[in-house]
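Letter by letter, the chains look like this.
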Amino acid sequence: TALEKLNLQVEVRNDLKAETLPGAVADVSILVVRSTKVTAATIQAAPQLSLIIRAGAGVDTIDIAAASARGIYVANCPGKNTLAVAELAIGLLIAADRRIVDASVALRNGAWRKKEFGKARGLAGRTLGILGFGAIGRAVAQRAAALDMNIVAWSPLDLTPAQAEELGIGYMNSIEELAAVADAVTIHLALTPETKHLVGKKFL
């Protein structure tokens, strides 16, 4: 692999979970994870650890405070999964509208219910609300626009009214304002104390 070409000894352990990771890092100096949580217990169990890399967009699965206390550098790979996540969001949107999962399950159970599952409203002309307009939110918007959907977005950090106008999308001042006009909503926000439970009873 590319890492081995850097004269690094690489050990791939896809079987490890947050609970079992501490027992496997005693001799590790660099830890690369995808979605596995890196807890304070893991960090404390790795005396040689100097770098934690999250192979994804955020670092919310890593105990930053514990890493900082040890002087361990934490990095991520922004943009690595942008297109995959955007395509999945659009795929799920189409699947929900066309009831693809329900139709597949029915067919596997021996029922061909074409009339029932053929009543989709379609996505063209409908409004997609996007919460969070960073790289993934923008990629979703591009793909939804190709389906002739109207786009509205709320993203206090990544979108201004002027930018929204330039992109030809609706700028929403609040998530409730977005909820009121959207036929479907997709969420692309990092988990922070401010965004946790953002979509709650008031929004719904």
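Before reading on, note that the structure itself is shown above.
It should be emphasised that the depicted structure is a prediction, and the values quoted were computed from it without experimental measurement. (Residues numbered from 1 in each chain as written. Predicted model: local features only at pLDDT ≥ 70, side-chain atom pairs only at ≥ 80, totals over all residues. Heavy atoms only, no water.)

Details of the overall build of the chain
If you tally the helices and strands in the chain, you get 8 helices and 7 strands. Taking 2.2 N^0.38 as the reference for a compact globule, 204 residues should give roughly 17 Å; the C-alpha atoms of the chain span a radius of gyration of 21 Å, well beyond that estimate. Viewed in the frame of its principal axes, the chain has a C-alpha envelope of about 60 × 50 × 35 Å. By the burial criterion, 31% of the 204 residues in the chain qualify as buried. Intrachain contacts of the chain at a sequence separation of at least 6 include 40% that bridge at least 24 residues. When the accessible surface of the chain is summed, it comes to about 13,000 Å², and 55% of that surface belongs to carbon and sulfur atoms. Put simply, the chain has 22 plus and 19 minus side-chain charges, and the middle of one group is 8 Å from the middle of the other. (Helix = DSSP H or I, 4+ residues; strand = E, 2+ residues; numbered from the N terminus. Rg over C-alpha atoms; globule rule 2.2 N^0.38 Å. Buried < 20%, exposed > 50% of the residue type's maximum accessible area, 1.4 Å probe, protein only. Contact = heavy atoms within 4.5 Å. Areas by Shrake-Rupley, 256 points an atom, 1.4 Å probe, with all protein chains shown as cover. Lys, Arg positive; Asp, Glu negative; His and termini not counted. Charge placed at Lys NZ, Arg CZ, Asp CG, Glu CD.)

Overview of unusual backbone geometry
Leaving glycine aside, a negative phi is the common case for residues, and trans is the common case for peptide bonds. Located in the positive-phi region is Asn7, a residue other than glycine, with phi close to 65°. Turning to its location among the elements, Asn7 is positioned in the segment before strand E1 (30–33). On the basis of relative accessible area, Asn7 is assigned to the exposed category, the value being 73%.

Thoughts on the nonpolar core
In terms of nonpolar packing, the biggest core is built from 20 residues, with Leu128, Ile130, Phe133, Val140, Met149, Ile151 and Ile169 touching the most fellow members. With 5 residues, the single largest contributor to this core is helix H6 (residues 135–146). In contact with Val140, other than residues within four places in its own chain, are Ala86, Ala89, Ile90, Leu128, Ile130, Thr186 and His188. (Core = buried A, V, L, I, M, F, W, Y, C linked by side-chain atoms within 4.5 Å.)

What to know about the environment of Val38
With respect to the helices and strands, Val38 occurs in the loop between E1 and helix H1 (40–44). Judged by relative accessible area, Val38 falls into the buried class, the value being 1%. Counting along the chain gives 85 residues from Val38 to Leu123, while the straight-line C-alpha distance between them is 40 Å.

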